[in-house]
Amino acid sequence: MKFLPVSPESLKEGAEIILNGGLVSFPTETVYGLGADAFNPKALAKVFEVKNRPHFDPLIIHIAAIETLERAADLSLLNDETRKTLFLLAENLWPGPLSIILPKNEKIPGIATSGLPTAAIRYPAHKAACKLITLSSGAVAAPSANPFGGLSPTRAEHVRSALGEKVDMILDGGPSQIGVESTVIDITGETIKILRPGGTPKEKIENLIGRAVDSSVSFEDTAGMISPGQLKSHYAPKAALCVLSREEIIRQPYEKGKAAYLFFDSTTKDAWLKANKEPETAVVKALSENGTVLEAASRLFETLHELDNSDIDKIFAQLAPQEGLGEAINDRLRRGANSR
Ligand code: TXA
Ligand code: MG
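Residues numbered from 1 in each chain as written. Chains lettered and ligands numbered in written order. Predicted model: local features only at pLDDT ≥ 70, side-chain atom pairs only at ≥ 80, totals over all residues. Heavy atoms only, no water.

A word on the domain arrangement of the protein. With domains assigned, the protein is organised as domain 1 (2-75 + 101-174) and domain 2 (240-338). Taken residue by residue, the interface counts 6 residues in domain 1 and 5 residues in domain 2. A per-residue breakdown of the area domain 1 buries against domain 2 is headed by Leu 151, Thr 154 and His 158, which together make up 70% of the total. Applying the counting rule to domain 1 against domain 2 returns 1 salt bridge. As a salt-bridge pair, Glu 302 and Arg 155 come within 2.9 Å of each other at their nearest N and O atoms. Our count for the domain 1 to domain 2 interface comes out at 2 residue pairs in polar contact (both at pLDDT 80 or more). Residues belonging to the side of domain 1 that touches domain 2 are distributed by class as follows: 2 nonpolar, 3 polar and 1 charged. (Domains from an automatic or database assignment. Contact = heavy atoms within 4.5 Å. Buried area = accessible area lost by both parts, 1.4 Å probe. Salt bridge = Lys/Arg side-chain N within 4 Å of Asp/Glu carboxyl O. Polar contact = N/O pair within 3.5 Å; in protein donor to acceptor, adjacent residues only side chain to side chain. Nonpolar A, V, L, I, M, F, W, Y, C, P; charged D, E, K, R; others polar.)

Encoded structure:
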């Protein structure tokens, strides 16, 4: 396995690996991806194997220009209204943390989409990712580069310790800026649905298209399995995770032993420390100094990885305000908590 910083040379080499059916982990603005040529069924099968991912969970296909969208999607199957919505979203929110469900191009093998007639397509806002995609086949299937069900990687180092020799190359582009995965949106039905809250806030989408979108399916209702990212248990650290509101966590007494306390903001952290007379040995962290959801999202997985690497077996985590990226943060925390 090659572990290289992003450079014109390493990107070229990575693209060749992808074109030859290999797997390359690469940085994006959300989390690190595990990339394979979206047209190569054998390479796609390897992605499922390496991640230990069930075959019913389809991959996201990454493109690097709106002009090449039709390599991955079949837009002839869209009605006028859906087409209008698509371009409104694509022209305003791409490149960016948004994956749009569209009818798939017939050249995309069924294994990429778990047999579904649709594919989730995303144009990431990350120069190195786009260069890699352009230099290879123009359509790179990439789930998050972590074993199925675990924490997503926001640093190349996370990929190395979780997947290591199972991949052919890891491109190190520094920490992911946004830190939570893309929002997955389905525009093909009568109501527009968010299947997974993520880096593009729901409010931004609603303002753009001028109507409400349905995000109720994303956490509570998983029976239909429209999007396996909806699995109630997912994104889980090794330590048991217990999610609490601001009021609840302030009242949560300090437990001697191996518990960690993960606050959304420093003010709440300070209030808890004061109430607990500053326990010296407690592992106490705040996701955001000044209480912004952007900063908290960018540090969420990184902090959970850190806690997983320390000697704790339980994490009390404070929920974020349910606005903007707070929705994605809370979704990941709740699912992580459901793993036990
Ligand atoms: O930010 C991201 O989206 C990252 C980076 C690498 O781009 N990728 C990512 O991929 O998070 P993954 O595989 O971990 O999550 C893909 C999600 C899953 O919840 C999957 O079920 C859903 O997208 N998905 C993919 N194709 C779908 C489809 N055709 N219909 C419904 N959901 C789909
Ligand atoms: Mg994932």
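Don't stop here, the text continues.
This paragraph deals with the environment of Leu 151. Inspection of the secondary structure puts Leu 151 in the loop between β7 (140-141) and α6 (156-163). In the structure, Leu 151 is positioned 117 residues away from Thr 268 in sequence and 25 Å away in space, judged by C-alpha atoms. Those residues in contact with Leu 151, other than ones at most four positions away along the chain, are Asn 146, Tyr 235, Ala 236, Pro 237, Phe 301, Leu 304, His 305 and Asp 308. (Helix = DSSP H or I, 4+ residues; strand = E, 2+ residues; numbered from the N terminus.)

Looking now at the packing of helix α4 (residues 80-93) against helix α7 (residues 202-209). Interaxial distance between α4 and α7 falls to 10 Å at its minimum, and their mutual angle equals 125 degrees. Our classification of the angle between α4 and α7 gives oblique. Note that α4 runs across α7; the crossing there is right-handed. Residues Thr 85, Leu 88, Leu 89, Asn 92 and Leu 93 of α4 form the contact with α7, whose participating residues are Lys 204, Ile 205, Leu 208 and Ile 209. Across the contact of α4 with α7, the residue classes tally to 6 nonpolar, 2 polar and 1 charged. (Axes fitted to C-alpha atoms, helices over the stretch in contact; angles between N-to-C directions. Parallel < 35°, antiparallel > 145°, perpendicular 65-115°, else oblique. Left-handed = near helix turned anticlockwise from the far one by under 90°.)

The omega torsion across Trp 94 and Pro 95 is -5 degrees, close enough to zero to call that bond cis. The phi torsion at Asn 52 lies on the positive side, around 60 degrees, for a residue other than glycine. With respect to the element layout, Asn 52 can be found in the loop between α2 (41-51) and β4 (60-62). The phi torsion at Ser 114 lies on the positive side, around 55 degrees, for a residue other than glycine. Tracing the backbone shows Ser 114 in the loop between β5 (98-103) and β6 (118-122).

This part covers the packing of helix α1 (residues 8-19) against helix α5 (residues 127-135). When two helices pack together, you describe them by how their axes are tilted relative to each other and by the distance separating the axes. Viewed as axis vectors pointing N to C, α1 and α5 meet at an angle of 50 degrees, and their least axial separation amounts to 8 Å. Accordingly, the angle class assigned to the pair α1 and α5 is oblique. Considering how the two elements wind past one another, α1 and α5 form a crossing that is right-handed. For the pair formed by α1 and α5, the contact residues are Leu 11, Lys 12, Gly 14, Ala 15, Ile 18 and Leu 19 on the first element and Ala 128, Lys 131, Leu 132 and Leu 135 on the second. By residue class, the composition of the contact of α1 with α5 is 7 nonpolar, 1 polar and 2 charged.

Ranked by size, the top nonpolar core spans 63 residues in total, and within it Trp 94 and Leu 102 carry the most contacts. Those residues in contact with Leu 102 that sit more than four places away from it in its chain are Leu 69, Ala 73, Leu 75, Leu 78, Leu 86, Pro 117, Thr 118, Ala 119, Ile 121, Ile 187 and Thr 188. Core analysis: the second largest hydrophobic core is formed by 27 residues, Ile 178, Leu 300, Leu 307 and Leu 325 among them. (Core = buried A, V, L, I, M, F, W, Y, C linked by side-chain atoms within 4.5 Å. Buried < 20%, exposed > 50% of the residue type's maximum accessible area, 1.4 Å probe, protein only.)

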